[in-house]
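# Overview (structure and organization)
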Amino acid sequence: MTAAPPPTRLQSGHSSETAHLTARARASDAVVEPGRRLLGDTFAHLFVTVPPPVTSQEALGRLQRLDRAHGGFIAEILLRQRYFEDLVALAVDAGVRQVVLLGAGYDTTALRYTGPDTVRFFEVDHPATQTAKLEALAAADLTSPVTSVPLDFTAGASLRAELTAHGFDIDTPCVVGWLGVTFFLPPEACRATLADLADTVAPGSLLLFDYMDEAVVEGTSPYEGALQMARQVAEQGEPYINGLTAHSAAATVRDAGFEPVEQLRVTDLVRRYGGSDPYCSDDDFMGLVTARRAERKVGGHGD
Ligand SMILES: C[S@@+](CC[C@H](N)C(=O)[O-])C[C@H]1O[C@@H](n2cnc3c(N)ncnc32)[C@H](O)[C@@H]1O
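The structure contained in this document is the topic of the report that follows. (Residues numbered from 1 in each chain as written. Predicted model: local features only at pLDDT ≥ 70, side-chain atom pairs only at ≥ 80, totals over all residues. Heavy atoms only, no water.)

It is characteristic of soluble globular proteins that their nonpolar side chains tend to be buried jointly. Counting 50 residues, the largest nonpolar core has Phe73, Phe84, Val175, Met212, Tyr240 and Tyr279 as its most contacted members. Those elements giving two or more residues to this core turn out to be helix H1 (17-29), helix H2 (56-69), helix H3 (73-93), strand S1 (98-102), strand S5 (206-213), helix H9 (224-235), helix H11 (266-273) and strand S8 (286-293). The element contributing the most residues to this core is H3, with twelve residues. In this structure, Val100, Phe122, Ile170 and Phe209 belong to the second largest nonpolar core, which totals 32 residues. (Core = buried A, V, L, I, M, F, W, Y, C linked by side-chain atoms within 4.5 Å. Buried < 20%, exposed > 50% of the residue type's maximum accessible area, 1.4 Å probe, protein only. Helix = DSSP H or I, 4+ residues; strand = E, 2+ residues; numbered from the N terminus.)

Next comes the structure, spelled out in structure tokens:
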């Protein structure tokens, strides 16, 4: 009989350290001089325990040290977010008024959002991380402009029930970001969450999620920095356990009821947003899928 895996960090009631790592990179990027900055998350510093650098040069030094050790992660962490915020802006221009972040961590999209004030933000996350985030906001005397929905994607609770209980409108389209999360979930929890999401959002809604290449999870990736990060997060209690390929990622969303509309690699994001001299490398071991919710099947929820 194989022994059960040890409880993850979240299962033990601790907030996500990988969410903290993401916030640290974003807090450093915010200090980088405007011409080379990749995101500009001016609130990320609220969530870090290590003070962010003071000068652009120090910030670049810190980011590039991390990038040398784990090439590709800085690009992934900063630019998936940039891409998501562009997607939100386009969706809002097209009339969408609901934004959902699944596994939001220390995301600050809503805090920095300057569009129509009729847009509502919903953040779903494990209660342990969500509590830590709300405490950090309270310590900074900031009232969160989002509706917080505590939910563990592995606990079998209904996303549809929780979101609707918190005022989400299943009959009007939304845009959903699920960034930096799928690789931490057992594959069956990832598929169940996608199916639940498809059952929750109105047709036409957009979903963006990222995935880790199967080869990183299996330990066969040629990118040593990615394998080292995999070992580091596993030691911290948040192992990568769910890898996909571009093909299986598209098949997974289709099975759930979404239609892929764009697939990108992090290398594409660096080309798109990195400028002529990006300060980060573009090791190619992660991808993103944008998908649209297809029409609901007759007989399904909400018909
Ligand atoms: C790497 S962080 C990404 C955070 C944020 N989306 C970002 O891009 O900065 C992973 C997030 O997934 C959340 N998460 C991981 N497993 C989860 C689970 N079983 N249920 C709910 N949230 C989970 C963590 O709490 C954390 O906020």
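Enumeration over the complete set of coordinates arrives at one cavity of 30 Å³ or more. The calculated volume of the largest cavity comes to roughly 50 Å³. Forming the walls of the largest cavity are Asp107, Thr108, Ala110, Leu111, Glu123, Lys133, Leu137, Ser144, Pro145 and Val146. Listing elements by their share of the lining of the largest cavity, those giving two or more residues are helix H4 (109-112) and helix H5 (127-139). Along the lines of polarity and charge, the residues of the lining of the largest cavity split into five nonpolar, two polar and three charged. (1 Å grid on protein atoms, 1.4 Å probe; cavity = no way out; pocket = protein on both sides within 12 Å on 5 of 7 lines; lining within 4 Å. Points joined across faces, edges and corners; volume = space filled by probe spheres on them. Nonpolar A, V, L, I, M, F, W, Y, C, P; charged D, E, K, R; others polar.)

Turning our eyes to something else, we now look at the site of the ligand. Near the ligand lie 22 residues; those nearest to it are Arg80, Gly103, Asp125, Thr129 and Leu179. Within the side chain of Arg80, an N or O atom sits 2.7 Å from an oxygen atom of the ligand. One of the backbone N or O atoms of Gly103 is found 2.7 Å from a nitrogen atom in the ligand. Bound to the protein, the ligand loses 96% of the 590 Å² it would expose on its own. (Near = heavy atom within 4 Å. Polar contact = N/O pair within 3.5 Å; in protein donor to acceptor, adjacent residues only side chain to side chain. Areas by Shrake-Rupley, 256 points an atom, 1.4 Å probe, with all protein chains shown as cover.)

Further remarks concern the layout of surface pockets. The computed volume of the largest pocket comes to approximately 960 Å³. Contributing to the lining of the largest pocket are 50 residues, with Leu10, Ser16, Thr18, Phe184 and Glu238 lying nearest its centre. Counting residues per element, the ones that place at least two in the lining of the largest pocket are H1, H3, S1 and H9. Top contributing element to the lining of the largest pocket by residue count: H1, with six residues.

Purely spatial values, then, with no claim about function.
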